[in-house]
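Descriptive analysis of the structure
Next come the chains, spelled out residue by residue.
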Amino acid sequence: MAVMDAEPATTRPAGLITRLRGKLTGGSSEASLTRRLAGTIFIIRLISAGLAYLSQVLLARWMGTSDYGIYVYVWTWVLLLGSMMDFGISASAQKIIPEYRASGNHALLRGFLSGSRWLVFAVSTLVSLALAGIVRLLSPWIDPAEELPLYIGCMTLPAFVVANTQDGIARSHDWMQLGLMPQFIIRQALIIGITAGAFLLGYHLGAVAAMVASLGAVWIAMAGQMVVLNRRLADHIAAGAKAYDISGWLAISLPILLVEGFYLLLSYTDVLVLQQFRPSDEVGVYFAVVKTLALVSFIHYAMSATTAHRFAEYNASGDRARLSAYVAHAIVWTFWPSLAATIALLALGKPLLWLFGPQFVVGYDIMFVAAVGLVVRAAIGPVERLLNMLGQQKICALAYALAFVMNLVLCIALVPRFGGHGAAAATSISLTFETVLLFWIVRQRLGLHVLAFGK
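Procedures and definitions
Residues numbered from 1 in each chain as written. Predicted model: local features only at pLDDT ≥ 70, side-chain atom pairs only at ≥ 80, totals over all residues. Heavy atoms only, no water. Helix = DSSP H or I, 4+ residues; strand = E, 2+ residues; numbered from the N terminus. Buried < 20%, exposed > 50% of the residue type's maximum accessible area, 1.4 Å probe, protein only. Contact = heavy atoms within 4.5 Å. Salt bridge = Lys/Arg side-chain N within 4 Å of Asp/Glu carboxyl O. Patch = residues over 30% accessible without salt bridge, like charges linked within 9 Å, V, L, I, M, F, W, Y side chains within 5 Å. Areas by Shrake-Rupley, 256 points an atom, 1.4 Å probe, with all protein chains shown as cover. Core = buried A, V, L, I, M, F, W, Y, C linked by side-chain atoms within 4.5 Å. Domains from an automatic or database assignment. Phe/Tyr/Trp six-rings, centres within 6.5 Å; stacked < 30°, edge-to-face > 60°. pLDDT = per-residue confidence, 0-100. Axes fitted to C-alpha atoms, helices over the stretch in contact; angles between N-to-C directions. Parallel < 35°, antiparallel > 145°, perpendicular 65-115°, else oblique. Left-handed = near helix turned anticlockwise from the far one by under 90°. Nonpolar A, V, L, I, M, F, W, Y, C, P; charged D, E, K, R; others polar. Polar contact = N/O pair within 3.5 Å; in protein donor to acceptor, adjacent residues only side chain to side chain. Expected span 1.5 Å × (residues − 1). Bend = angle between axes of the 7 residues up to and from the residue.

Tallying secondary structure elements over the protein gives 17 helices and zero strands in all. For the protein, the residues scored as buried account for 56% of the 455 residues in total. Sequence separation of at least 24 residues holds for 82% of the intrachain contacts in the protein that already meet a minimum separation of 6.

Written as C-alpha coordinates, this is what we have:
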(Lines give C-alpha, C1' and ligand atoms only; values in the text may rest on other atoms or scores of the structure.)
Protein backbone atom coordinates (compact mmCIF):
# COMPACT_ATOMS: atom_id res chain seq x y z
CA MET A 1 0.00 0.00 0.00
CA ALA A 2 1.10 3.54 -0.63
CA VAL A 3 2.10 5.41 2.48
CA MET A 4 0.54 8.60 1.14
CA ASP A 5 -0.94 9.73 -2.12
CA ALA A 6 2.27 11.25 -3.39
CA GLU A 7 3.50 10.40 -6.85
CA PRO A 8 6.85 8.66 -7.20
CA ALA A 9 9.78 10.94 -7.86
CA THR A 10 9.75 10.22 -11.57
CA THR A 11 6.15 11.34 -12.13
CA ARG A 12 5.73 14.61 -14.06
CA PRO A 13 2.65 16.77 -13.62
CA ALA A 14 0.72 16.47 -16.87
CA GLY A 15 -2.32 18.07 -18.33
CA LEU A 16 -1.04 21.26 -16.66
CA ILE A 17 -4.01 23.42 -15.60
CA THR A 18 -6.65 20.69 -15.20
CA ARG A 19 -4.39 18.25 -13.44
CA LEU A 20 -2.82 20.90 -11.25
CA ARG A 21 -6.23 22.11 -10.10
CA GLY A 22 -7.25 18.55 -9.30
CA LYS A 23 -4.05 17.86 -7.42
CA LEU A 24 -4.24 21.00 -5.35
CA THR A 25 -7.86 20.55 -4.33
CA GLY A 26 -8.43 16.78 -4.29
CA GLY A 27 -7.89 14.21 -1.57
CA SER A 28 -7.79 14.41 2.18
CA SER A 29 -4.44 12.85 3.07
CA GLU A 30 -1.31 14.63 4.23
CA ALA A 31 -0.09 14.91 0.64
CA SER A 32 -3.34 16.50 -0.52
CA LEU A 33 -3.35 18.84 2.47
CA THR A 34 0.24 19.78 1.73
CA ARG A 35 -0.62 20.57 -1.88
CA ARG A 36 -3.55 22.72 -0.81
CA LEU A 37 -1.51 24.59 1.76
CA ALA A 38 1.42 24.96 -0.63
CA GLY A 39 -1.04 26.12 -3.28
CA THR A 40 -2.40 28.70 -0.84
CA ILE A 41 1.10 29.91 -0.06
CA PHE A 42 2.02 30.03 -3.73
CA ILE A 43 -1.11 32.02 -4.58
CA ILE A 44 -0.30 34.47 -1.79
CA ARG A 45 3.28 34.78 -3.00
CA LEU A 46 2.05 35.10 -6.59
CA ILE A 47 -0.26 37.97 -5.66
CA SER A 48 2.58 39.37 -3.58
CA ALA A 49 4.90 39.07 -6.56
CA GLY A 50 2.44 41.00 -8.67
CA LEU A 51 2.16 43.73 -6.05
CA ALA A 52 5.91 43.77 -5.45
CA TYR A 53 6.53 43.88 -9.17
CA LEU A 54 4.05 46.74 -9.56
CA SER A 55 5.63 48.63 -6.68
CA GLN A 56 9.14 48.14 -8.07
CA VAL A 57 8.02 49.20 -11.56
CA LEU A 58 6.34 52.32 -10.19
CA LEU A 59 9.28 53.18 -7.93
CA ALA A 60 11.77 52.67 -10.75
CA ARG A 61 9.79 54.96 -13.05
CA TRP A 62 9.04 57.59 -10.41
CA MET A 63 12.53 57.63 -8.84
CA GLY A 64 14.90 57.04 -11.75
CA THR A 65 17.63 54.42 -11.88
CA SER A 66 20.04 56.11 -9.45
CA ASP A 67 17.61 56.73 -6.57
CA TYR A 68 16.02 53.35 -7.26
CA GLY A 69 19.44 51.69 -7.00
CA ILE A 70 20.02 53.34 -3.59
CA TYR A 71 16.61 52.21 -2.37
CA VAL A 72 17.29 48.65 -3.57
CA TYR A 73 20.67 48.66 -1.82
CA VAL A 74 19.22 49.80 1.55
CA TRP A 75 16.15 47.56 1.31
CA THR A 76 18.42 44.60 0.59
CA TRP A 77 20.23 45.29 3.86
CA VAL A 78 16.86 45.40 5.67
CA LEU A 79 15.84 42.06 4.15
CA LEU A 80 19.19 40.47 4.95
CA LEU A 81 19.61 41.71 8.52
CA GLY A 82 15.92 41.54 9.41
CA SER A 83 15.75 37.91 8.40
CA MET A 84 18.78 37.05 10.57
CA MET A 85 18.04 39.04 13.74
CA ASP A 86 15.41 36.64 15.13
CA PHE A 87 18.06 34.05 16.14
CA GLY A 88 16.44 31.58 13.75
CA ILE A 89 13.31 31.42 15.95
CA SER A 90 10.96 32.03 13.02
CA ALA A 91 12.25 28.80 11.47
CA SER A 92 12.77 26.81 14.68
CA ALA A 93 9.17 27.56 15.73
CA GLN A 94 8.15 24.89 13.24
CA LYS A 95 10.19 22.39 15.25
CA ILE A 96 9.63 23.67 18.79
CA ILE A 97 5.84 24.13 18.64
CA PRO A 98 5.05 20.64 17.25
CA GLU A 99 7.33 19.06 19.86
CA TYR A 100 5.69 20.97 22.73
CA ARG A 101 2.26 19.99 21.44
CA ALA A 102 3.27 16.34 21.08
CA SER A 103 4.69 16.19 24.61
CA GLY A 104 1.70 18.05 26.09
CA ASN A 105 3.95 20.67 27.65
CA HIS A 106 1.47 23.53 27.44
CA ALA A 107 3.26 25.82 29.87
CA LEU A 108 6.37 25.87 27.70
CA LEU A 109 4.20 26.24 24.60
CA ARG A 110 2.44 29.31 26.01
CA GLY A 111 5.78 30.73 27.12
CA PHE A 112 7.28 30.30 23.68
CA LEU A 113 4.33 31.85 21.85
CA SER A 114 4.64 35.11 23.79
CA GLY A 115 8.22 35.11 25.05
CA SER A 116 9.83 34.46 21.66
CA ARG A 117 8.30 37.63 20.22
CA TRP A 118 9.31 39.81 23.16
CA LEU A 119 12.82 38.36 23.02
CA VAL A 120 13.38 39.11 19.34
CA PHE A 121 11.82 42.57 19.64
CA ALA A 122 14.08 43.58 22.54
CA VAL A 123 17.27 42.30 20.96
CA SER A 124 16.50 43.60 17.46
CA THR A 125 15.83 47.06 18.90
CA LEU A 126 19.22 47.10 20.61
CA VAL A 127 20.95 45.81 17.49
CA SER A 128 19.19 48.43 15.35
CA LEU A 129 20.44 51.20 17.64
CA ALA A 130 23.96 49.78 17.36
CA LEU A 131 23.67 49.67 13.58
CA ALA A 132 22.53 53.28 13.49
CA GLY A 133 25.64 54.14 15.53
CA ILE A 134 27.81 52.31 12.99
CA VAL A 135 26.21 54.28 10.15
CA ARG A 136 27.02 57.47 12.06
CA LEU A 137 30.65 56.45 12.55
CA LEU A 138 31.03 55.50 8.90
CA SER A 139 29.22 58.57 7.56
CA PRO A 140 32.44 60.18 6.20
CA TRP A 141 32.84 57.19 3.91
CA ILE A 142 29.17 56.63 3.04
CA ASP A 143 27.52 58.25 0.04
CA PRO A 144 25.49 61.15 1.51
CA ALA A 145 22.48 60.03 -0.54
CA GLU A 146 22.57 56.66 1.26
CA GLU A 147 22.97 57.88 4.85
CA LEU A 148 19.39 58.90 5.72
CA PRO A 149 17.83 55.86 3.97
CA LEU A 150 20.16 53.66 6.05
CA TYR A 151 18.94 55.29 9.30
CA ILE A 152 15.34 54.68 8.21
CA GLY A 153 16.26 51.07 7.44
CA CYS A 154 17.51 50.68 11.03
CA MET A 155 14.14 51.93 12.32
CA THR A 156 12.39 49.33 10.15
CA LEU A 157 14.24 46.32 11.52
CA PRO A 158 12.47 45.60 14.87
CA ALA A 159 9.02 45.37 13.26
CA PHE A 160 10.42 43.32 10.39
CA VAL A 161 11.95 40.81 12.84
CA VAL A 162 8.77 40.44 14.93
CA ALA A 163 6.73 39.92 11.75
CA ASN A 164 9.07 37.11 10.70
CA THR A 165 8.69 35.43 14.10
CA GLN A 166 4.90 35.71 13.95
CA ASP A 167 5.02 34.19 10.47
CA GLY A 168 6.80 31.11 11.85
CA ILE A 169 4.30 30.76 14.71
CA ALA A 170 1.32 31.04 12.36
CA ARG A 171 2.74 28.51 9.88
CA SER A 172 3.30 26.04 12.70
CA HIS A 173 -0.48 26.05 13.20
CA ASP A 174 -1.17 25.80 9.43
CA TRP A 175 -2.45 29.41 9.45
CA MET A 176 -0.70 30.17 6.19
CA GLN A 177 -2.76 33.21 5.26
CA LEU A 178 -2.20 34.86 8.63
CA GLY A 179 1.51 34.11 8.46
CA LEU A 180 2.12 35.37 4.94
CA MET A 181 -0.50 37.92 3.93
CA PRO A 182 0.61 40.74 6.29
CA GLN A 183 4.20 40.56 5.03
CA PHE A 184 3.68 39.76 1.40
CA ILE A 185 0.38 41.36 0.44
CA ILE A 186 -0.65 43.97 2.99
CA ARG A 187 2.86 45.38 3.29
CA GLN A 188 3.30 45.62 -0.48
CA ALA A 189 -0.13 47.21 -0.90
CA LEU A 190 0.72 49.79 1.76
CA ILE A 191 4.03 50.64 0.07
CA ILE A 192 2.22 51.20 -3.22
CA GLY A 193 -0.51 53.26 -1.55
CA ILE A 194 1.85 55.47 0.46
CA THR A 195 4.28 56.13 -2.38
CA ALA A 196 1.47 56.72 -4.88
CA GLY A 197 -0.13 59.21 -2.49
CA ALA A 198 3.15 61.05 -2.06
CA PHE A 199 3.70 61.12 -5.81
CA LEU A 200 0.20 62.46 -6.52
CA LEU A 201 0.62 65.14 -3.85
CA GLY A 202 3.73 66.33 -5.63
CA TYR A 203 6.40 65.20 -3.17
CA HIS A 204 9.81 64.30 -4.54
CA LEU A 205 9.88 60.52 -4.56
CA GLY A 206 13.51 59.68 -3.92
CA ALA A 207 15.18 56.95 -1.90
CA VAL A 208 14.30 58.67 1.41
CA ALA A 209 10.58 58.86 0.64
CA ALA A 210 10.52 55.25 -0.55
CA MET A 211 12.18 54.06 2.66
CA VAL A 212 9.75 56.09 4.80
CA ALA A 213 6.88 54.39 2.97
CA SER A 214 8.48 50.99 3.56
CA LEU A 215 9.01 51.81 7.25
CA GLY A 216 5.35 52.68 7.74
CA ALA A 217 4.18 49.63 5.79
CA VAL A 218 6.28 47.18 7.82
CA TRP A 219 5.15 48.53 11.21
CA ILE A 220 1.46 48.72 10.28
CA ALA A 221 1.39 45.20 8.79
CA MET A 222 3.22 43.73 11.81
CA ALA A 223 0.88 45.36 14.33
CA GLY A 224 -2.23 44.13 12.53
CA GLN A 225 -0.81 40.62 12.28
CA MET A 226 -0.04 40.62 16.00
CA VAL A 227 -3.63 41.52 16.96
CA VAL A 228 -5.14 38.76 14.81
CA LEU A 229 -2.54 36.15 15.85
CA ASN A 230 -3.09 36.82 19.55
CA ARG A 231 -6.83 36.36 19.13
CA ARG A 232 -6.41 33.07 17.30
CA LEU A 233 -3.91 31.74 19.81
CA ALA A 234 -6.28 32.63 22.65
CA ASP A 235 -9.01 30.54 21.01
CA HIS A 236 -6.64 27.69 20.18
CA ILE A 237 -4.65 27.32 23.42
CA ALA A 238 -6.19 27.41 26.89
CA ALA A 239 -4.96 30.11 29.25
CA GLY A 240 -2.59 29.01 31.98
CA ALA A 241 0.88 29.23 33.43
CA LYS A 242 3.83 30.06 31.20
CA ALA A 243 7.33 28.62 31.32
CA TYR A 244 10.33 29.97 29.46
CA ASP A 245 13.19 27.81 28.23
CA ILE A 246 15.19 30.50 26.47
CA SER A 247 18.41 28.50 26.51
CA GLY A 248 16.58 25.52 25.01
CA TRP A 249 15.03 27.70 22.30
CA LEU A 250 18.40 29.14 21.39
CA ALA A 251 20.07 25.71 21.39
CA ILE A 252 17.66 24.70 18.62
CA SER A 253 17.46 28.07 16.89
CA LEU A 254 21.07 29.21 16.64
CA PRO A 255 22.24 26.35 14.38
CA ILE A 256 19.18 27.00 12.22
CA LEU A 257 20.12 30.69 12.24
CA LEU A 258 23.46 29.74 10.74
CA VAL A 259 21.65 27.92 7.94
CA GLU A 260 19.22 30.77 7.35
CA GLY A 261 21.97 33.36 7.68
CA PHE A 262 24.30 31.78 5.16
CA TYR A 263 21.37 31.19 2.81
CA LEU A 264 20.45 34.87 2.99
CA LEU A 265 24.06 35.92 2.52
CA LEU A 266 24.20 33.65 -0.50
CA SER A 267 20.98 35.22 -1.80
CA TYR A 268 21.99 38.85 -1.37
CA THR A 269 25.74 38.80 -1.91
CA ASP A 270 25.35 39.49 -5.63
CA VAL A 271 23.39 42.74 -5.08
CA LEU A 272 25.63 43.94 -2.25
CA VAL A 273 28.88 43.27 -4.14
CA LEU A 274 27.44 44.77 -7.31
CA GLN A 275 26.73 47.99 -5.40
CA GLN A 276 30.39 48.22 -4.38
CA PHE A 277 31.85 47.85 -7.86
CA ARG A 278 29.23 49.11 -10.32
CA PRO A 279 27.02 52.23 -10.67
CA SER A 280 23.63 52.37 -8.95
CA ASP A 281 21.78 52.18 -12.28
CA GLU A 282 23.35 48.76 -12.95
CA VAL A 283 22.24 47.63 -9.50
CA GLY A 284 18.71 48.71 -10.36
CA VAL A 285 18.75 46.73 -13.62
CA TYR A 286 20.10 43.62 -11.91
CA PHE A 287 17.50 43.87 -9.14
CA ALA A 288 14.77 44.10 -11.76
CA VAL A 289 16.05 40.82 -13.21
CA VAL A 290 16.04 39.21 -9.77
CA LYS A 291 12.49 40.38 -9.07
CA THR A 292 11.37 39.04 -12.43
CA LEU A 293 12.72 35.58 -11.64
CA ALA A 294 11.34 35.66 -8.09
CA LEU A 295 8.36 33.52 -9.07
CA VAL A 296 10.66 30.49 -9.32
CA SER A 297 11.93 30.85 -5.77
CA PHE A 298 8.36 31.41 -4.52
CA ILE A 299 7.54 27.83 -5.45
CA HIS A 300 10.44 26.55 -3.37
CA TYR A 301 9.41 28.84 -0.52
CA ALA A 302 5.79 27.63 -0.64
CA MET A 303 6.76 23.99 -0.31
CA SER A 304 9.35 24.73 2.39
CA ALA A 305 6.87 26.70 4.47
CA THR A 306 4.28 23.93 4.21
CA THR A 307 6.45 20.89 4.89
CA ALA A 308 8.94 21.88 7.61
CA HIS A 309 6.81 21.21 10.69
CA ARG A 310 5.53 17.94 9.21
CA PHE A 311 9.10 16.72 8.69
CA ALA A 312 9.53 17.27 12.45
CA GLU A 313 6.26 15.51 13.30
CA TYR A 314 6.97 12.39 11.20
CA ASN A 315 10.50 12.15 12.51
CA ALA A 316 9.31 12.51 16.14
CA SER A 317 6.79 9.70 15.62
CA GLY A 318 9.45 7.44 14.05
CA ASP A 319 7.41 6.95 10.87
CA ARG A 320 10.28 6.54 8.41
CA ALA A 321 8.12 5.34 5.50
CA ARG A 322 5.77 8.30 5.73
CA LEU A 323 8.70 10.71 6.03
CA SER A 324 10.43 9.28 2.95
CA ALA A 325 7.26 9.43 0.83
CA TYR A 326 6.50 12.93 2.04
CA VAL A 327 9.99 14.15 1.16
CA ALA A 328 9.75 12.68 -2.34
CA HIS A 329 6.37 14.34 -2.82
CA ALA A 330 7.70 17.73 -1.71
CA ILE A 331 10.66 17.52 -4.08
CA VAL A 332 8.57 16.62 -7.13
CA TRP A 333 6.16 19.45 -6.44
CA THR A 334 9.04 21.88 -6.09
CA PHE A 335 11.05 21.01 -9.19
CA TRP A 336 8.56 20.59 -12.03
CA PRO A 337 6.50 23.73 -11.30
CA SER A 338 9.79 25.64 -10.89
CA LEU A 339 11.02 24.43 -14.27
CA ALA A 340 7.74 25.41 -15.94
CA ALA A 341 7.80 28.86 -14.30
CA THR A 342 11.40 29.43 -15.39
CA ILE A 343 10.60 28.64 -19.03
CA ALA A 344 7.60 30.96 -18.97
CA LEU A 345 9.53 33.81 -17.38
CA LEU A 346 12.40 33.53 -19.85
CA ALA A 347 9.94 33.58 -22.73
CA LEU A 348 8.31 36.75 -21.38
CA GLY A 349 11.48 38.31 -20.02
CA LYS A 350 11.82 41.31 -22.32
CA PRO A 351 8.30 42.69 -21.95
CA LEU A 352 8.44 42.10 -18.19
CA LEU A 353 11.69 44.03 -17.87
CA TRP A 354 10.35 46.76 -20.15
CA LEU A 355 7.67 47.46 -17.54
CA PHE A 356 10.42 48.86 -15.31
CA GLY A 357 11.45 51.16 -18.13
CA PRO A 358 13.03 50.74 -21.59
CA GLN A 359 16.53 50.99 -20.08
CA PHE A 360 15.96 47.83 -18.00
CA VAL A 361 15.64 45.56 -21.05
CA VAL A 362 19.45 45.39 -21.23
CA GLY A 363 19.25 42.92 -18.34
CA TYR A 364 17.43 40.27 -20.39
CA ASP A 365 20.58 38.22 -21.07
CA ILE A 366 21.31 38.13 -17.35
CA MET A 367 18.03 36.30 -16.77
CA PHE A 368 19.27 33.17 -18.57
CA VAL A 369 22.43 33.04 -16.46
CA ALA A 370 20.57 33.57 -13.19
CA ALA A 371 17.86 31.03 -14.06
CA VAL A 372 20.33 28.13 -14.21
CA GLY A 373 21.07 28.18 -10.49
CA LEU A 374 17.39 28.45 -9.55
CA VAL A 375 16.39 25.42 -11.61
CA VAL A 376 19.28 23.32 -10.34
CA ARG A 377 18.48 24.23 -6.74
CA ALA A 378 14.81 23.32 -7.21
CA ALA A 379 15.81 19.78 -8.22
CA ILE A 380 16.31 18.76 -4.56
CA GLY A 381 13.34 20.63 -3.10
CA PRO A 382 13.23 21.89 0.51
CA VAL A 383 15.99 19.60 1.82
CA GLU A 384 17.50 22.34 3.98
CA ARG A 385 14.27 22.29 6.01
CA LEU A 386 14.47 18.51 6.19
CA LEU A 387 18.00 18.68 7.60
CA ASN A 388 17.06 21.40 10.09
CA MET A 389 14.01 19.54 11.38
CA LEU A 390 15.92 16.24 11.74
CA GLY A 391 18.76 17.64 13.83
CA GLN A 392 21.29 18.13 11.03
CA GLN A 393 21.47 21.91 11.35
CA LYS A 394 25.23 22.13 11.79
CA ILE A 395 26.21 20.18 8.69
CA CYS A 396 23.56 22.06 6.72
CA ALA A 397 24.98 25.37 7.95
CA LEU A 398 28.45 24.26 6.88
CA ALA A 399 27.17 23.52 3.37
CA TYR A 400 25.59 26.96 3.12
CA ALA A 401 28.72 28.59 4.51
CA LEU A 402 30.87 26.96 1.84
CA ALA A 403 28.41 28.02 -0.87
CA PHE A 404 28.38 31.59 0.49
CA VAL A 405 32.18 31.81 0.53
CA MET A 406 32.27 30.52 -3.04
CA ASN A 407 29.66 33.06 -4.09
CA LEU A 408 31.48 35.93 -2.40
CA VAL A 409 34.82 35.03 -3.98
CA LEU A 410 33.27 34.56 -7.42
CA CYS A 411 31.32 37.82 -7.17
CA ILE A 412 34.43 39.77 -6.22
CA ALA A 413 36.30 38.13 -9.10
CA LEU A 414 33.60 38.49 -11.77
CA VAL A 415 31.52 41.57 -10.92
CA PRO A 416 34.18 44.26 -11.53
CA ARG A 417 34.69 43.03 -15.10
CA PHE A 418 31.35 41.51 -16.08
CA GLY A 419 28.86 43.45 -13.92
CA GLY A 420 25.43 41.87 -13.62
CA HIS A 421 26.39 38.93 -15.83
CA GLY A 422 29.25 38.14 -13.46
CA ALA A 423 27.01 38.40 -10.39
CA ALA A 424 24.44 36.05 -11.95
CA ALA A 425 27.12 33.56 -13.01
CA ALA A 426 28.70 33.56 -9.53
CA THR A 427 25.34 32.91 -7.88
CA SER A 428 24.34 30.12 -10.29
CA ILE A 429 27.68 28.35 -9.86
CA SER A 430 27.39 28.61 -6.08
CA LEU A 431 23.81 27.32 -6.06
CA THR A 432 24.85 24.36 -8.18
CA PHE A 433 27.69 23.57 -5.78
CA GLU A 434 25.31 23.89 -2.81
CA THR A 435 22.79 21.55 -4.46
CA VAL A 436 25.33 18.83 -5.05
CA LEU A 437 26.63 19.17 -1.50
CA LEU A 438 23.17 19.01 0.11
CA PHE A 439 22.22 16.00 -2.02
CA TRP A 440 25.33 14.16 -0.82
CA ILE A 441 24.75 15.14 2.84
CA VAL A 442 21.15 13.89 2.88
CA ARG A 443 22.20 10.70 1.13
CA GLN A 444 24.97 10.05 3.65
CA ARG A 445 23.30 11.24 6.86
CA LEU A 446 19.66 10.27 6.28
CA GLY A 447 19.84 7.64 3.54
CA LEU A 448 17.18 9.42 1.47
CA HIS A 449 17.06 10.07 -2.27
CA VAL A 450 16.35 13.76 -2.71
CA LEU A 451 16.43 14.35 -6.44
CA ALA A 452 13.31 15.05 -8.51
CA PHE A 453 14.23 12.23 -10.89
CA GLY A 454 16.08 8.92 -10.67
CA LYS A 455 16.38 6.66 -7.64
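On to the pattern of salt bridges, then. Tallied over the full model, the rule gives five salt bridges. With a shortest N-O distance of 2.9 Å, Arg-171 and Asp-167 are connected by a salt bridge. Here Asp-167 and Arg-171 lie together in helix α6 (residues 144-172), a separation of four residues that amounts to about one turn. Residues Arg-171 and Asp-167 agree in their burial class; the two are buried.

The backbone of Phe-87 sits at a positive phi, close to 65°, despite the residue not being glycine. Its place among the elements puts Phe-87 in the loop between α3 (65-84) and α4 (89-103).

Now for the environment of Phe-287. Along the chain, the position of Phe-287 falls in helix α10 (residues 280-292). The spatial distance from the C-alpha of Phe-287 to the C-alpha of Tyr-68 is 9.8 Å, given a sequence separation of 219 residues. Every residue in contact with Phe-287, bar those within four places of it in the chain, is listed here: Gln-56, Tyr-68, Val-72, Thr-76 and Val-271.

Residues Ile-134, Leu-137, Leu-138 and Trp-141 make up a contiguous nonpolar surface patch of about 490 Å² in total accessible area. Note that Ile-134 resides in helix α5 (residues 106-138).

Turning our eyes to something else, we now look at the nonpolar core. Counting 88 residues, the largest nonpolar core has Tyr-68, Tyr-71, Phe-112 and Phe-356 as its most contacted members. Two domains each provide a minimum of three residues to this core, namely domain 1 (39-244) and domain 2 (272-454). Excluding its chain neighbours within four sequence positions, the residues that come into contact with Phe-356 are Tyr-53, Gln-56, Val-57, Ala-60, Arg-61, Tyr-68, Ala-288 and Thr-292. By size, the runner-up hydrophobic cluster in this structure holds 39 residues, among which are Met-303, Leu-323, Phe-335 and Cys-396.

Quick look at the environment of Ser-430 now. You can see Ser-430 is positioned in helix α17 (residues 420-446). Overall, Ser-430 belongs to the buried group, its relative accessible area being 0%. Separated by 28 residues in the primary sequence, Ser-430 and Leu-402 place their C-alpha atoms 8.8 Å from one another. The residues touching Ser-430, leaving out its near neighbours within four places in the chain, are Leu-266, Ala-403, Met-406, Asn-407 and Leu-410.

Moving on, we get to the packing of aromatic side chains. Under the definition given, this model contains eleven aromatic pairs. Plain terms: the ring middles of Trp-62 and Phe-199 are 4.6 Å apart, the flat faces sit at 10° to each other, and that makes the pair stacked. Of this pair, Trp-62 sits in helix α2 (residues 30-63) while Phe-199 sits in helix α7 (residues 176-200), and the two are 137 residues apart along the sequence. Between Phe-112 and Trp-249, the aromatic rings sit 5.2 Å apart at their centres with planes inclined by 85°, giving edge-to-face as the arrangement. Placement of the pair is Phe-112 in helix α5 and Trp-249 in helix α9 (residues 246-277), with a sequence separation of 137 residues.

Attention shifts here to the confidence of the model for the protein. Chain-level statistics for the protein give a pLDDT mean of 83 and a share of 89% at 70 or above. Confidence, expressed as mean pLDDT per element, reaches its minimum in the protein at helix α1 (residues 16-25) with 47 and its maximum at α5 with 94. Of the regions scoring below 50 in pLDDT, residues 1-18 engages in 36 contacts with residues more than four places distant in sequence or in other chains. Segment residues 23-28: pLDDT under 50, and 13 contacts once partners within four positions in sequence are set aside and those in other chains are kept.

Another point: the environment of Leu-51. The residue Leu-51 is located in helix α2 in this model. The sequence separation of Leu-51 and Ile-192 amounts to 141 residues, and the corresponding C-alpha distance is 8.0 Å. Setting aside residues up to four positions removed in sequence, Leu-51 forms contacts with Ile-185, Gln-188, Ala-189 and Ile-192.

The subject of this paragraph is the packing of α4 against α5. Viewed as axis vectors pointing N to C, α4 and α5 meet at an angle of 165°, and their least axial separation amounts to 10 Å. If you check the angle between α4 and α5, you find them roughly antiparallel. α4 and α5 meet at a crossing whose hand is right-handed. Residues Ile-89, Ala-93, Ile-96, Ile-97, Tyr-100 and Arg-101 of α4 lie in contact with α5, whose contacting residues are Leu-108, Leu-109, Phe-112, Leu-113, Ser-116, Leu-119 and Val-120. Across the contact of α4 with α5, the residue classes break down as eleven nonpolar, one polar and one charged.

The next subject is the side chain of Ser-338. If you trace the backbone, Ser-338 turns up in helix α12 (residues 320-347). If sequence neighbours within four positions are ignored, Ser-338 has contacts with Val-296, Ile-299 and Ala-378.

Mapped onto the fold, Ser-90 is located in helix α4. Here Asp-86 takes part through its side chain, which lies 2.6 Å from a polar atom of the side chain of Ser-90. Every residue in contact with Ser-90, bar those within four places of it in the chain, is listed here: Asn-164, Thr-165 and Gly-168.

This part covers α6. The end-to-end C-alpha distance of α6, which contains 29 residues, comes to 43 Å, matching closely the 42 Å that a straight helix rising 1.5 Å per residue would cover. The largest bend in α6 amounts to roughly 35° and is located at Leu-157, with the proline Pro-158 lying one to four residues further along. Taken across its 29 residues, α6 has 24 buried, putting it largely inside the fold. Asp-174 sits one or two residues past α6 and shows a positive phi near 65°.

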